[in-house]
Amino acid sequence: AQTVTQSQPEMSVQEAETVTLSCTYDTSESDYYLFWYKQPPSRQMILVIRQEAYKQQNATENRFSVNFQKAAKSFSLKISDSQLGDAAMYFCAYRNAGGTSYGKLTFGQGTILTVHP
Amino acid sequence: DVKVTQSSRYLVKRTGEKVFLECVQDMDHENMFWYRQDPGLGLRLIYFSYDVKMKEKGDIPEGYSVSREKKERFSLILESASTNQTSMYLCASSLGIPHEQYFGPGTRLTVT
């Protein structure tokens, strides 16, 4: 079974600064997807960024980028130029690429990000 | 825009009651999921469904059942609610691999 670990229960950052959220995972599969989801207070969970394991290039979405280290099974999220609206719970998630997984996600414990003005 | 809705944002039930949590999606997604979210544990999969009337157990199915009679609707049933089922329940849907999951707003259930 796959596991996902987020070792930082809470992180904080000053507005306009950069913060990195950590995530490690364990799997015996070679083909899979990794995701970062954002859950703002009292609002719906939304996808921030995704990474396909077969792609060596790190994914980027505007101010959000990942550092994907497949051999180390590490998948960190970097938020640049942090904004007050980035304050949320962030979840790292894993999904097998095929088989009968039907797209099931395995989540980490979550990291609460606070942004200070 | 994909929309996943859940019947209640907040629910308070008594121990032993039968509880129904409803989830509806409007994008014709094959796959639907029920997760439970608890502090320090993240989201854990309770059940999922990959087609009408088809279901599979997730990681923590004990004490729960599900129903999917129509493609757009996926219900989570607590046959006899217990206090340890007090939690946030999130529904999600997707077209399947490699598509993302879209989440509902969640139902915060309190069992007293």
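In the block above lies the structure referred to throughout.
Residues numbered from 1 in each chain as written. Chains lettered and ligands numbered in written order. Predicted model: local features only at pLDDT ≥ 70, side-chain atom pairs only at ≥ 80, totals over all residues. Heavy atoms only, no water.

Novice: Which residues make up the overall build of chain A, and what are the values?
Specialist: For chain A, the count of helices and strands is 0 helices and 12 strands. Taking 2.2 N^0.38 as the reference for a compact globule, 117 residues should give roughly 13 Å; the C-alpha atoms of chain A span a radius of gyration of 14 Å, in line with that estimate. In terms of overall dimensions, chain A has C-alpha extents of about 45 × 30 × 20 Å along its principal axes. A buried classification covers 47% of the 117 residues belonging to chain A. By sequence separation, contacts in chain A at least 24 residues apart represent 57% of the contacts at least 6 residues apart. Total accessible area on chain A stands at roughly 5700 Å², and carbon and sulfur atoms take up 44% of it. Taken together, the 10 basic and 10 acidic charged side chains of chain A have centroids lying 7 Å from each other. (Helix = DSSP H or I, 4+ residues; strand = E, 2+ residues; numbered from the N terminus. Rg over C-alpha atoms; globule rule 2.2 N^0.38 Å. Buried < 20%, exposed > 50% of the residue type's maximum accessible area, 1.4 Å probe, protein only. Contact = heavy atoms within 4.5 Å. Areas by Shrake-Rupley, 256 points an atom, 1.4 Å probe, with all protein chains shown as cover. Lys, Arg positive; Asp, Glu negative; His and termini not counted. Charge placed at Lys NZ, Arg CZ, Asp CG, Glu CD.)

Novice: Explain the overall build of chain B residue by residue, including any values.
Specialist: Looking only at helices and strands, one finds 0 helices and 11 strands in chain B. The C-alpha radius of gyration of chain B comes to 13 Å, within 12% of the 13 Å expected for a compact globule of 112 residues. Considering only C-alpha atoms, chain B reaches an extent of 40 × 30 × 25 Å along its principal axes. By residue count, 49% of the 112 residues in chain B fall in the buried class. Taking the intrachain contacts of chain B between residues at least 6 apart in sequence as the baseline, contacts between residues at least 24 apart amount to 56%. Working note: accessible area of chain B is about 5400 Å², and carbon and sulfur atoms make up 49% of it.

Novice: Any details on the state of the cysteines? Residues and values, ideally.
Specialist: Residue and element names in this part refer to chain A. All told, the structure shown has 2 disulfides over all chains when counted by the stated rule. Bridging cysteine 23 to cysteine 92, the disulfide has an S-S length of 2.0 Å. Because the torsion about its S-S bond is -70°, the bridge between cysteine 23 and cysteine 92 counts as left-handed. One end of the pair, cysteine 23, is in the loop between β3 (19-21) and β4 (24-26); the other, cysteine 92, is in strand β10 (residues 88-96), and 69 residues separate them in sequence. The class of cysteine 23 is buried, set by a relative accessible area of 2%. (Disulfide = S-S within 2.5 Å.)

Novice: Before we move on, could you go through the sheet that holds strand β7 (residues 65-70) of chain B and cite the residues and values that matter?
Specialist: Residue and element names in this part refer to chain B. The 4 strands lie next to each other as β1-β3-β8-β7, forming an open sheet whose pairing is antiparallel. Edge strands, defined here as strands with exactly one partner in the open sheet, are β1 (4-6) and β7. Sheet twist, expressed as the mean angle between neighbouring strand axes with direction ignored, is 20°. As paired elements, β1 and strand β3 (residues 19-25) share 3 bridges and run antiparallel to each other. Within β3, the position partnered with valine 4 by the bridge is glutamine 25. (Pairing = 2+ DSSP bridges. Axes fitted to C-alpha atoms, helices over the stretch in contact; angles between N-to-C directions.)

Novice: Quick one: what's the story with the environment of serine 65 of chain B, residue by residue and with numbers?
Specialist: Along the polypeptide, serine 65 of chain B turns up in strand β7. Remark: the alpha-carbon pair of serine 65 of chain B and phenylalanine 20 of chain B, spanning 45 residues in sequence, is separated by 9.8 Å.

Novice: Please provide a residue-by-residue account of the pairing of β7 of chain B, values included.
Specialist: Residues and elements named next belong to chain B. Alignment of β7 against strand β8 (residues 73-78), held across 4 bridges, turns out to be antiparallel. Counted as the bridge partner of lysine 70 is arginine 73 from β8. Between β7 and β8, which pair antiparallel one after the other, the connecting turn spans 2 residues.

Novice: Explain the packing of aromatic side chains residue by residue, including any values.
Specialist: Scanning the entire structure with this criterion turns up 16 aromatic pairs over all chains. With 6.0 Å between their ring centres and 25° between their planes, phenylalanine 33 of chain B and phenylalanine 48 of chain B make a pair best called stacked. One end of the pair, phenylalanine 33 of chain B, is in strand β4 (residues 31-38); the other, phenylalanine 48 of chain B, is in strand β5 (residues 42-51), and 15 residues separate them in sequence. Each member of the pair, phenylalanine 33 of chain B as well as phenylalanine 48 of chain B, carries the same accessibility label: buried. Counting every residue linked through ring pairs, the aromatic cluster contains Tyr33, Phe35, Tyr37, Phe91 and Phe107 of chain A together with Phe33, Tyr35, Phe48 and Phe103 of chain B. Seen from the ring of tyrosine 33 of chain A, arginine 95 of chain A lies directly overhead, with NZ or CZ sitting 5.3 Å from the centre. (Phe/Tyr/Trp six-rings, centres within 6.5 Å; stacked < 30°, edge-to-face > 60°. Lys NZ or Arg CZ within 6 Å of the ring centre and 35° of its normal.)

Novice: Could you give an account of the side chain of serine 94 of chain B, with specific residues and numbers?
Specialist: Inspection of the secondary structure assignment puts serine 94 of chain B in strand β9 (residues 87-94). Once residues within four sequence positions are removed from consideration, serine 94 of chain B is found in contact with His29, Glu30, Asn31, Phe33, His99, Glu100 and Gln101 of chain B.

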